[in-house]
Amino acid sequence: MARPLTLHEDRLFPADRETRAIARDLYAGVKALPIISPHGHTDPRWFSENAAFENPSALLLAPDHYLFRMLYSQGVDLDALGVPRRSGAPSADPRAAWRVFASHFHLFRGTPSAIWLNHVFAEVFGLDVALDAGTADHYYDVMDAALKTEAFRPRALFDRFNIEALATTEGPTDTLDHHYAIQSSGWDGNVITAYRPDPVTDCEHEAFAGALEAFGEITGEDVYAWTGYLEAHRRRRADFRGAGATSTDHGHPTAATADLSPAEAERLFSRVVKGEATAEDAELFRAQMLTEMAKMSLEDGMVLQIHPGSFRNHNRPLFDSHGRDKGADIPMPTDYVRGLRPLLNAVGNEPDLTVIVFTLDETAYARELAPLAGHYPALKLGPAWWFHDSPEGMRRFREQTTETAGFYNTVGFNDDTRAFLSIPARHDVARRVDCAFLARLVAEHRMDVEDAHALAVELSYTLAKKAYRLDREPEPRAAARA
Amino acid sequence: MARPLTLHEDRLFPADRETRAIARDLYAGVKALPIISPHGHTDPRWFSENAAFENPSALLLAPDHYLFRMLYSQGVDLDALGVPRRSGAPSADPRAAWRVFASHFHLFRGTPSAIWLNHVFAEVFGLDVALDAGTADHYYDVMDAALKTEAFRPRALFDRFNIEALATTEGPTDTLDHHYAIQSSGWDGNVITAYRPDPVTDCEHEAFAGALEAFGEITGEDVYAWTGYLEAHRRRRADFRGAGATSTDHGHPTAATADLSPAEAERLFSRVVKGEATAEDAELFRAQMLTEMAKMSLEDGMVLQIHPGSFRNHNRPLFDSHGRDKGADIPMPTDYVRGLRPLLNAVGNEPDLTVIVFTLDETAYARELAPLAGHYPALKLGPAWWFHDSPEGMRRFREQTTETAGFYNTVGFNDDTRAFLSIPARHDVARRVDCAFLARLVAEHRMDVEDAHALAVELSYTLAKKAYRLDREPEPRAAARA
Amino acid sequence: MARPLTLHEDRLFPADRETRAIARDLYAGVKALPIISPHGHTDPRWFSENAAFENPSALLLAPDHYLFRMLYSQGVDLDALGVPRRSGAPSADPRAAWRVFASHFHLFRGTPSAIWLNHVFAEVFGLDVALDAGTADHYYDVMDAALKTEAFRPRALFDRFNIEALATTEGPTDTLDHHYAIQSSGWDGNVITAYRPDPVTDCEHEAFAGALEAFGEITGEDVYAWTGYLEAHRRRRADFRGAGATSTDHGHPTAATADLSPAEAERLFSRVVKGEATAEDAELFRAQMLTEMAKMSLEDGMVLQIHPGSFRNHNRPLFDSHGRDKGADIPMPTDYVRGLRPLLNAVGNEPDLTVIVFTLDETAYARELAPLAGHYPALKLGPAWWFHDSPEGMRRFREQTTETAGFYNTVGFNDDTRAFLSIPARHDVARRVDCAFLARLVAEHRMDVEDAHALAVELSYTLAKKAYRLDREPEPRAAARA
């Protein structure tokens, strides 16, 4: 007998009756607001080509490192799940992979993945029984059939999901052709890009040499000279703005920034391009490039995002066999106080600049990040990120940042996902958790309910739109310019 | 239509009905207890001269870095708020400054500043509408008129606030004349001082050279020789005790202490006075001076307070234009385990010594501070400090220290403020949050309600009085001695 | 008038009525499950000799560093409590010691010690008045009389406590005679050992030289040669398995591991046995030995436990007078990401290996440990440990690990205690706190109540049994083999 799958209307609200009633009321005011997704990792090809998704496992399972990392931690073979190796995709039968996943779904009890997936199953696919080994085939059949219909094509889902704006993330050598194709397609979905130049700013990146060469080709600049290299960034930033970008993004191992003199920066760059950079040079170059990017942001208005603090590819044997992004990126303590100081001393007092900083080290919320964001005009706090994008994680974020930074130095929610179907679920969780937090403040007579209603809208919609400058007149798109 | 301003009688209590009822009951037993304020930064001149406060903005806005840092973080110009520059106070009209503040008051939603200010507005000034742009002038008029009355003179407010003892903080070269004047005035308000020698113990302090010279003059000791320098401290400590001091206070970048041999200490001091100290020497000298002060405390009974862990003046451009204490002090991780060990190994086993340690790094509560305070006889934990002096911060303090250190290794509440009018509000918040914490323990059957009542009194009143030795027969005041 | 002592049936459950009802229901399903105690420090002599315990103070007070550290922190002399000095036990009268303790029992308000002790008083001894100065003698008389009865002999209590398995911890040179005696005694209590080789793997241990010599004698191996030394470990691990051991345990100052080549390891070992090891060598040798132990675990199936992060013997004067384990061990920040990487890269992908890691640094829960355990097949998280084995500590553990690691990468509860009488109390607290956590997830509609029931059993019983391999056919006991 399969158990029913239901999404309770009060899920994630506090149990206390009075507080729950307030949370319900607040949530009613934001539930139907459009989704602003200003930072994420969906594939623009989906929206340019609008082809049907392949099958449930390829869509939901193989690319989702939240899922396969947990299964792997309990001894499940990645091959059995269809997770690609460096040497190519394993020949896992997608239905068999789904069965393996279904029979281990109990591992996700108490995790956000379970919440997100159950939302996808119930709301997106209309399933009404719980997933387990006994319902695996039923799930597979229902979802596989649905994915073959027009209603489950990417653009149809985008419209159904009530997405007002969705940012993807592209590298510095991306042609942006998918974005141009979307613009030319006549479809009015607002899919924009974001500029993530890590492969050409991190000389320890495995793709650095090749990326730098391609960076020169695509920009026509002499990227082996410091001024040409900076000019190439300016050109590409303009290209990205032509594909709707309002932000750049930087994933660095630390939060280090630097503010070298032009001569020092040029000498450092010279060591970098000659392949003579030490580990300290590489760190310093990444640090300097954040400040360079911030200065370009002052010129061109793009929002700068910093995502620091992950020890990438911690599992060397798995990296050797399977490559990057296989669930083996582990957070580390991150020093924001000393790390961000050079950048903030250079440009942090500029009220027209927006730098959004994220953390995987929650100890920095109350100790470093809220005090910094509650002081520097340019600095804002990104939402609870990655492992902390969860009910408890989002609650800690609010509890530990609000009293010092307030709500207005935060920027709403980022889903930050490549799991397209989970986007409504993730925003729904964020809205519910924020409403629950506000409801507690109201119930404890720390805030008026009118203020809480206003803030619920800010946190669900307005702050993200403003912080990422999606409320401003966009620059002309490349298609329009051409 | 202005919104009403009301202070709900259940504010800050848990929403759960049963727990709230317990909290109410506990709070009823401590609400009216006198205020013990053993550490703070009010100006003794207020109480010696007893002049009227200048105007609402000069009193409430310009000196409160909690307020102007938040406004600055959202792009408000400090000049518009009347915050002084190094080059002198800006010519901001106080009413205009107040209007700027009022129109940004929504930024403080969810912050302790909003709680404190609303308490001041409602309880101290009797205002009954909420502050916003529309009520700014009404507020200004009401408060400005009140401040011109006798009832709002500092001594009248002190008496009205039911303050049993209030400590100010003075530097090592202060004449203490305001304290002497209070003693001689016939007014019976118990305003005492505390000895904060940072300008002569921190050779990286910008005022060090001048302060050391003045230190020699005021004490008549040869402060350029190690023994004379120590003797000068002893003299000044005695002076401060004559102005009621029962404690010393030390604001250091880290929690480092040292226990050098006399010869080593003398050699270090020699480098310090010659201006030859390296950064390591400066750190070591501050560290050694904490242990020297602790040893003097063993002689003279003064309580030693350590306030470590702030990166001062993080914003260099703002420091250059506006100087210290402008909202740009940012907490850092602090190592108490290795830092305090030399001092604790030297004198930490002395039950007659009291060392009160504070932190801006909450990660140390459960990991380091509670285990240390739950072991060493001399060590006690100061309350949640600065950014953490807030409902969530105080709750975390209790949740993370109580199970290992108990309640009796803590010392009650410090308001630590220069915002005189907010003192009752701050103590009220602390009492409410502690009662809420105790109520939860009672509701979860982890504590008897009788014990909770006893503890509520300890946390609100008795522990502070005992820890700071305000329950002991004071030394004769200088005025009486003379 | 003595106050009554009662253990409320809802203790430690949330106050909210709906959540409390769920917690009650979950707890009803696990309350009576047998106790699995896979890691602890009871004395096997108790169970081999089955003699009566000496007196209440010697049993409950003198060996419990949770108790005497708190009393010491408030100025109580350790001699008055009967805590042994290096020079021998003080001549404290046990009744007088008990009176001192009783008159300070209020210090434990809000601590887990109070919960555990009240459970022992009420459930084990049947006391029905609260402990204070007035009831001290009554307590002493009741408990002293009880301890003289057959029903309070160690084996009778073991049976009464419904302990299914209890692990003690022995050093590498222990003869295991008490364990052999238990096996031969005909008593069917399942008391097993665990292998803790710290005295021969930590060359900074004060007993290292003597322990290494004894290690050679007991194994007959040349423990001064690297291969002989490793072989000696293999022999002793086999001996311990013959005394029921399923695990090894390692208490190191850090979480550092290493994976040296055999030649490097041999050179390092050579410096160690020659007494030429630097502090870095000592750290590297401990680090290398963790990986060696993990590799032996792959051979012999023993579970490897790592307990890192304590600064031992922080109070040097007390260490000089009283020796180890006197309440002066203080947690430190611990780096798991870089620390564990060599071991995890060597053997962390082995699904047949189990490495259980503990922490005293709660900041690592969400940041490092849950992400690591939610990825590596070999890694599991030990429960909240030592200072964090408390209601708030256990709650934080679940709140901060579950969303990333799930429940199935945790291993149930460890009481980790030498306080034998408190074992049922400690397991009861853990079960209640876990049920309270699960109840909140149910009440917030984040989990079905059926799943919560299943998990309550897992967390209370099954996970510990599986993780420590107590569900497997044990190796033949030495007595059976002989």
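The structure displayed is predicted, hence computed values, not measured ones.

1. Things to note about the overall build of chain A
Next, step 1: Looking only at helices and strands, chain A has 22 helices and nine strands in total.
Next, step 2: In terms of overall size, chain A behaves like a compact globule, its C-alpha atoms giving a radius of gyration of 23 Å where 482 residues would be expected to give roughly 23 Å.
Next, step 3: In chain A, of all internal contacts separated by at least 6 residues, the share reaching a separation of at least 24 is 77%.

2. Looking at the interface of chain C and chain A
Next, step 1: Tallying the contact residues gives 36 residues for chain C and 42 residues for chain A.
Next, step 2: Looking at the side of chain C that touches chain A, the element that brings in the most residues is helix H19 (residues 364–373) of chain C, giving six residues.

3. Considerations on the relation of the copies chain C and chain B
Next, step 1: Placing chain C over chain B gives an RMSD of 0.0 Å and needs a rotation angle of 120 degrees, together with 0.0 Å of translation along the axis. In short, the pair behaves as if placed about a three-fold rotation axis. Every residue of chain C has its C-alpha some distance from the rotation axis, and the shortest such distance is that of C:Asp16, at 3.5 Å.

4. Looking at unusual backbone geometry
With glycine set apart, most residues show a phi of negative sign, and most peptide bonds adopt trans.
Next, step 1: The phi angle at A:Asn313 is positive, at roughly 55 degrees, despite the residue not being glycine.
Next, step 2: You can see A:Asn313 is positioned in the loop between strand E6 (310–311) and helix H15 (316–322).
Next, step 3: Positive phi outside glycine occurs at B:Leu12, with the angle close to 75 degrees.
Next, step 4: Structurally, B:Leu12 can be placed in the segment before helix H1 (17–28).

5. Structural notes on the environment of A:Leu260
Next, step 1: Inspection of the secondary structure puts A:Leu260 in the loop between strand E4 (247–252) and helix H13 (262–273).
Next, step 2: With 24 residues separating them along the chain, A:Leu260 and A:Leu284 place their C-alpha atoms 9.3 Å apart.

6. Some thoughts on the sheet that holds strand E3 (residues 191–192) of chain B
Residues and elements named next belong to chain B.
Next, step 1: Across the sheet, three strands lie side by side as E1-E2-E3; this open sheet has parallel pairing. On the outer flanks of this sheet lie strand E1 (35–37) and E3, each paired with one strand and no other.
Next, step 2: Relative to E3, strand E2 (residues 163–167) runs parallel, the two sharing two bridges. Among the inter-strand pairings, Leu 166 is bridged to a residue of E3, identified as Val 191.

7. Thoughts on the interface of chain C and chain B
Next, step 1: The interface of chain C with chain B comprises 42 residues on the first partner and 36 residues on the second.
Next, step 2: Contributions of two or more residues to the side of chain C that touches chain B are made by helix H4 (65–73), helix H7 (112–124), helix H16 (316–322), strand E7 (330–331) and helix H20 (391–405) of chain C.
Next, step 3: With four residues, the top contributor of residues to the side of chain C that touches chain B is H4(C).
Next, step 4: Residue classes in the side of chain C that touches chain B are distributed as 20 nonpolar, 13 polar and nine charged.

8. Here's the deal with the sheet that holds strand E5 (residues 303–308) of chain A
All names here are of chain A.
Next, step 1: Across the sheet, which stays open at both edges, the four strands sit in the order E4-E5-E8-E9 with parallel pairing between neighbours. The open sheet has two edge strands, E4 and strand E9 (379–381), and neither has a second partner. With direction set aside, neighbouring strand axes in the sheet form an average angle of 25 degrees.
Next, step 2: When strand E8 (residues 355–357) meets E9, the two strands line up parallel, connected through three bridges. Its bridge partner lying in E9, Val 355 is registered against Leu 379.
Next, step 3: Running over the sheet, helix H14 (residues 279–300) touches E4, E5 and E8 and is turned about 160 degrees from E5.

9. Things to note about the nonpolar core
Next, step 1: In terms of nonpolar packing, the biggest core is built from 453 residues, with A:Leu81, A:Leu438, B:Leu81, B:Leu438, C:Leu81 and C:Leu438 touching the most fellow members.
Next, step 2: In contact with B:Leu438, not counting residues within four places along its chain, are B:Leu26, B:Met447, B:Ala452, B:Leu455 and B:Ala456.

10. Thoughts on the relation of the copies chain C and chain A
Next, step 1: Between chain C and chain A, which share one sequence, the superposing operator has a rotation angle of 120 degrees and an axial displacement of 0.0 Å; the RMSD is 0.0 Å.
Next, step 2: Little of the interface of chain C is mirrored in chain A, where only 6% of its interface residues again form contacts.

11. Describing the domain arrangement of chain A
Residue and element names in this part refer to chain A.
Next, step 1: Domain annotation of chain A identifies domain 1 (52–150) and domain 2 (154–481).
Next, step 2: The gap between the C-alpha centroids of domain 1 and domain 2 is 29 Å.
Next, step 3: Contact with domain 1, which involves 19 residues of that partner, is made by 19 residues of domain 2.
Next, step 4: Of all the secondary structure elements, the ones that give two or more residues to the side of domain 1 that touches domain 2 are helix H4 (65–73) and helix H6 (112–124).

12. Looking at H6(A)
Next, step 1: Under the 1.5 Å per step criterion, the end-to-end length of H6(A) is 17 Å for 13 residues, consistent within 8% with the ideal 18 Å.
Next, step 2: Every buried residue of H6(A) is accounted for by A:Pro112, A:Ser113, A:Ala114, A:Ile115, A:Trp116, A:Leu117, A:Asn118, A:Val120 and A:Phe121.
Next, step 3: Residues of H6(A) that are buried in the fold lie against H4, helix H19 (391–405) and helix H20 (423–443) of chain A together with H20 of chain C.
Next, step 4: Trailing H6(A) by a residue or two, A:Gly126 shows a phi angle of about 70 degrees, which is positive.

13. Focus on the packing of helix H18 (residues 364–373) of chain B against helix H19 (residues 391–405) of chain B
Residues and elements named next belong to chain B.
Next, step 1: Remark: H18 packs on H19, axes separated minimally by 8 Å, with the N-to-C direction vectors making an angle of 40 degrees. In terms of their interaxial angle, H18 and H19 are classed as oblique. Handedness of the H18/H19 crossing: right-handed. Residues Tyr 365, Ala 366, Leu 369, Ala 370, Pro 371 and Ala 373 of H18 pack against Phe 397, Gln 400, Thr 401, Thr 404 and Ala 405 of H19.
Next, step 2: Classifying every residue of the contact of H18 with H19 gives eight nonpolar, three polar and no charged.

About the criteria used
- Residues numbered from 1 in each chain as written.
- Chains lettered and ligands numbered in written order.
- Predicted model: local features only at pLDDT ≥ 70, side-chain atom pairs only at ≥ 80, totals over all residues.
- Helix = DSSP H or I, 4+ residues; strand = E, 2+ residues; numbered from the N terminus.
- Rg over C-alpha atoms; globule rule 2.2 N^0.38 Å.
- Contact = placed C-beta atoms within 7 Å.
- Least-squares fit on C-alpha atoms with pLDDT ≥ 70 in both.
- Pairing = 2+ DSSP bridges.
- Nonpolar A, V, L, I, M, F, W, Y, C, P; charged D, E, K, R; others polar.
- Axes fitted to C-alpha atoms, helices over the stretch in contact; angles between N-to-C directions.
- Core = buried A, V, L, I, M, F, W, Y, C linked by C-beta atoms within 7 Å.
- Buried ≥ 20, exposed ≤ 12 C-beta atoms within 10 Å, placed from the backbone.
- Domains from an automatic or database assignment.
- Expected span 1.5 Å × (residues − 1).
- Parallel < 35°, antiparallel > 145°, perpendicular 65-115°, else oblique.
- Left-handed = near helix turned anticlockwise from the far one by under 90°.

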